[in-house]
Amino acid sequence: MIARPALAASLLMLTGLASPATAQSSVPLPPNLAGLWSFEADLEAICKFNGHARLMPTSDPARFDCELTAEQDCPAADVHYIVQQSCSVDIVDGVATVRSTIETFLVGEPTTGYLPDNFQLVIHDESHLEGVLLGSGAYPAEWRRAEGAIS
């Protein structure tokens, strides 16, 4: 049998009326990354890489559905791609992992040489992520929330 004070505390927690101080073991929610983002990666001097993404919440606060469009421009190699991708974002211990799937080549001939744009990003705050673009190598990358684009 549960004692009345413990029962009352349990009910308060279930209804969301308890303050964090009354919660004996509360796990903080991950930051809300839903909204519009712009990103870029440093592919060294030969290419420019940037794009934008839209992250949409799911029923799990540590997971987002997303879509991104990436542009890779390598003038010296006469290569220019704009690639639309679907993606998902999983947050674990302050790190956002973006896994992408190529949907359409908007610019440039489709090729198996262009790999999906996956990212491993440390969450600095709800507007700034920093880490690496993972593809044919690992390149420094940064994501910034678009101005006024929190959803």
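Keep in mind it's a predicted model, so treat the numbers as computed, not measured. (Residues numbered from 1 in each chain as written. Predicted model: local features only at pLDDT ≥ 70, side-chain atom pairs only at ≥ 80, totals over all residues. Heavy atoms only, no water.)

**Observations concerning the overall build of the protein**
In plain terms, the rule: Helix numbering and strand numbering both begin at the N terminus, where a helix is a DSSP run of H or I of at least 4 residues and a strand a DSSP run of E of at least 2. When a residue's accessible area, from a 1.4 Å probe over protein chains only, is under 20% of the maximum for its type it is buried; when over 50% it is exposed; and in between it is partly exposed. A contact between two residues is defined here by any heavy atoms of the two lying within 4.5 Å. A 1.4 Å probe and the Shrake-Rupley method give the accessible areas. Residues count as covered only by the protein chains that appear here.
Check the secondary structure of the protein and you find one helix and eight strands. Listing each helix as α and each strand as β along the protein from the N terminus yields α-β-β-β-β-β-β-β-β. The buried share of the protein, taken over its 151 residues, is 31%. Put simply, of all contacts in the protein between residues at least 6 apart along the chain, 41% involve residues at least 24 apart. Split by element, the accessible area of the protein, about 9400 Å² in all, is 57% carbon and sulfur.

**Examining the packing of aromatic side chains**
Just so we agree on the cut-off: Note on aromatic pairs: the rings of Phe, Tyr and Trp (six-membered ring only in Trp) are paired at centre separations within 6.5 Å, and the planes decide the class, stacked below 30 degrees, edge-to-face beyond 60, tilted for the rest.
With the rule as written, the count across this model stands at eight aromatic pairs. With a centroid separation of 5.2 Å and an interplanar angle of 20 degrees, the aromatic rings of Phe 39 and Trp 143 are classed as stacked. Linking Phe 39 in strand β1 (residues 35-42) with Trp 143 in strand β8 (residues 138-150), this pair joins segments that are 104 residues apart in sequence. On the basis of relative accessibility, which here comes to 3%, the residue Phe 39 falls in the buried class. Residues Tyr 81 and Tyr 114 carry aromatic rings whose centres are separated by 5.3 Å and whose planes lie at 70 degrees to one another, so their mutual orientation is edge-to-face. Taken together, the residues span a long stretch of sequence, with Tyr 81 in strand β4 (residues 79-92) and Tyr 114 in the loop between β5 (95-107) and β6 (118-125) at a distance of 33 residues. The pair Tyr 81 / Tyr 114 is uniform in exposure class, with both members buried. Taken together, the ring pairs connect Trp 37, Phe 39, Phe 49, Phe 119 and Trp 143 into an aromatic cluster.

**Concerning the pairing of strand β3 (residues 63-74)**
This is how it is decided: The pairing criterion for strands is at least two bridges between them, as found by DSSP.
Note: strand β2 (residues 48-57) against β3, ten bridges, orientation antiparallel. Note that in β3 the partner of Pro 57 across the bridge is Phe 64. Linkage of β2 to β3, two consecutive antiparallel strands, is achieved through a turn of five residues. Relative to β4, β3 runs antiparallel, the two being bridged by twelve bridges. Opposite Cys 74, over in β4, you have Val 79 as the bridge partner. Joining the antiparallel neighbours β3 and β4 is a turn of four residues, in which Asp 78 adopts a positive phi near 55 degrees.

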